[in-house]
Amino acid sequence: MADTDLPALTALRPAVLAIDGGNSKTDVALVSGDGTLLASARGPGINSHQTGVDQVMLILDAVVKQASAQAGPSRSGWVAMHTVACLANADLPEEEAEHAAAIQALGWTPTVTVVNDTFAILRAGLADEVRPHWGVGVVCGAGINCVGVGPDGRVTRFLALGTTSGDWGGGYGLGLEALWHAARAEDGRGPDTLLTGYLTSHLGVDRVEDVTLGIHKGKIGEDDLTGLAPLLLRAAEAGDDVARTVVSRLADEISVMAITAMRRLGLTGLATPVVLGGGVITARVPLLIDSVLRQLSEAAPDAKVSIIDVPPVAGAALLGLDHVKAPPAAESRLRAAYDAPRS
């Protein structure tokens, strides 16, 4: 799309269609060129690795239609001028390109950008006034991932494909750890832990063994396991030694991802913004956050660490406003919309 001046984009409201597609939920926002949040909608999570891109597009299209119905009919025939879709499981450049082509075919907007959801986390935590936007973003939600962008535009990423690419952590991984330790505590192979009672109570079963059998028989799925992560965090806060050991390991994983990204880009000696997001991190468990802050401070003393205070879809929308060359005031207006109390 050729560059268009802001007044024209504002007249063609909305200017930006922002999508944050995660494993547990999909958020959509329609934003005008002046940063006004015009409409928003939420739908189920997406995972193209499990369901394929076509099924993902069906989910995204339904949520986009919900949001566009709120905003009213478009005079241009498009839902917006530009789509930014930040999608979990779009881990490789070719996967981003495949999703972008599929979204383009749906005809929501003249132009489309698709990136991994870590870019939304990073942009959500960066100052709007400071350009170019650069730093390191780590997301720990259902999974764990990291991206680094240097002041010169260089990008460093991780495969983030799970155990096969050296990853550990995220809600699903924590859920597995919680179950592993609870099972061993129950059968005597491991130390006692609060996790045993937490899991059986949460899932409404008599024994942890019932959970294992439920997984074996296909009655308990990945979402159920991811839902165990908050129990592990709660047990750690309650002082459970087993849970605290797992949370400490997670802090190491979050830290080493951020530090490695900074080292690759030569940023450890700079005042590098390090942005943390995802449900596990935004739970703000002190044991986890304090350890991450300590490790980052030791490796990169000047780094500026923050936890996002707006939802990731706002980061996607900010990337869209960057694309249409909106001024910082527009981006501040968008942030204010998410800061405002919502019923």
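Residues numbered from 1 in each chain as written. Predicted model: local features only at pLDDT ≥ 70, side-chain atom pairs only at ≥ 80, totals over all residues. Heavy atoms only, no water.

Attention shifts here to the sheet that holds strand E4 (residues 82-87). What holds strands together in a sheet is hydrogen bonding between their backbones, with the strands either parallel or antiparallel. In spatial order, the strands read E3-E2-E1-E4-E5; together these five strands make up an open sheet with mixed pairing. Two strands bound the open sheet, and with one partner strand each, they are strand E3 (37-44) and strand E5 (111-116). Strand-to-strand, the axes of this sheet are offset by a mean angle of 15°, without reference to chain direction. Pairing of strand E2 (residues 25-31) with E3 involves seven bridges; the strand directions are antiparallel. (Pairing = 2+ DSSP bridges. Helix = DSSP H or I, 4+ residues; strand = E, 2+ residues; numbered from the N terminus. Axes fitted to C-alpha atoms, helices over the stretch in contact; angles between N-to-C directions.)

This paragraph deals with helix H10 (residues 229-237). Of all the positions in H10, only Ala229, Leu231, Leu232, Leu233, Ala235 and Ala236 are classed as buried. Residues of H10 that are buried make contact with helix H6 (170-187), helix H7 (195-203), helix H9 (222-226), helix H11 (241-265), helix H12 (279-282) and helix H13 (286-299). Directly beyond the C-terminal end of H10, a positive phi value near 95° is found at Gly239. (Buried < 20%, exposed > 50% of the residue type's maximum accessible area, 1.4 Å probe, protein only. Contact = heavy atoms within 4.5 Å.)

A few words now on the nonpolar core. One finds Leu250, Ile254, Met262 and Leu288 to be the most contacted residues of the largest nonpolar core, which totals 84 residues. For this core, the element with the highest residue contribution is H11, accounting for 13 residues. Of all hydrophobic cores here, the second largest spans 26 residues; its members include Ala39, Met57, Leu87 and Ala102. (Core = buried A, V, L, I, M, F, W, Y, C linked by side-chain atoms within 4.5 Å.)

Our focus in this paragraph is the confidence of the model for the protein chain. Within the protein chain, residue pLDDT values average 93, and 94% of them lie at 70 or more. Below pLDDT 50 for its whole length, residues 1-12 participates in 17 contacts with residues either more than four positions away or in separate chains. (pLDDT = per-residue confidence, 0-100.)

Among the secondary structure elements, Leu38 is positioned in strand E3. Spatially, the C-alpha atom of Leu38 lies 18 Å from that of Lys325, the residues being 287 residues apart in sequence.

Here the focus is the sheet that holds strand E6 (residues 135-140). Taken in spatial order, the five strands line up as E8-E7-E6-E9-E10 in an open sheet, and their pairing is mixed. Of all strands in the sheet, those with a lone pairing partner are strand E8 (155-157) and strand E10 (304-307), marking the two edges. Recorded for the sheet is a direction-independent mean angle of 15° between the axes of neighbouring strands. As defined by bridge partners, E6 adjoins strand E7 (residues 144-149) across six bridges and the pair is classed as antiparallel. Bridging across to E7, Gly135 finds its partner in Val149. The strands touched by H11 within the sheet are E6, E7, E8 and strand E9 (273-277), with E7 carrying the most contacts at an inclination of about 25°.

Over its 25 residues, H11 extends 37 Å from the first C-alpha to the last, a length consistent with the 36 Å expected when each residue adds 1.5 Å. With a side-chain oxygen lying 3.2 Å from the backbone nitrogen of Val242, the N-terminal cap of H11 falls on Asp240. A positive phi of about 70° marks Gly266, the residue just after H11. (Expected span 1.5 Å × (residues − 1). Polar contact = N/O pair within 3.5 Å; in protein donor to acceptor, adjacent residues only side chain to side chain.)

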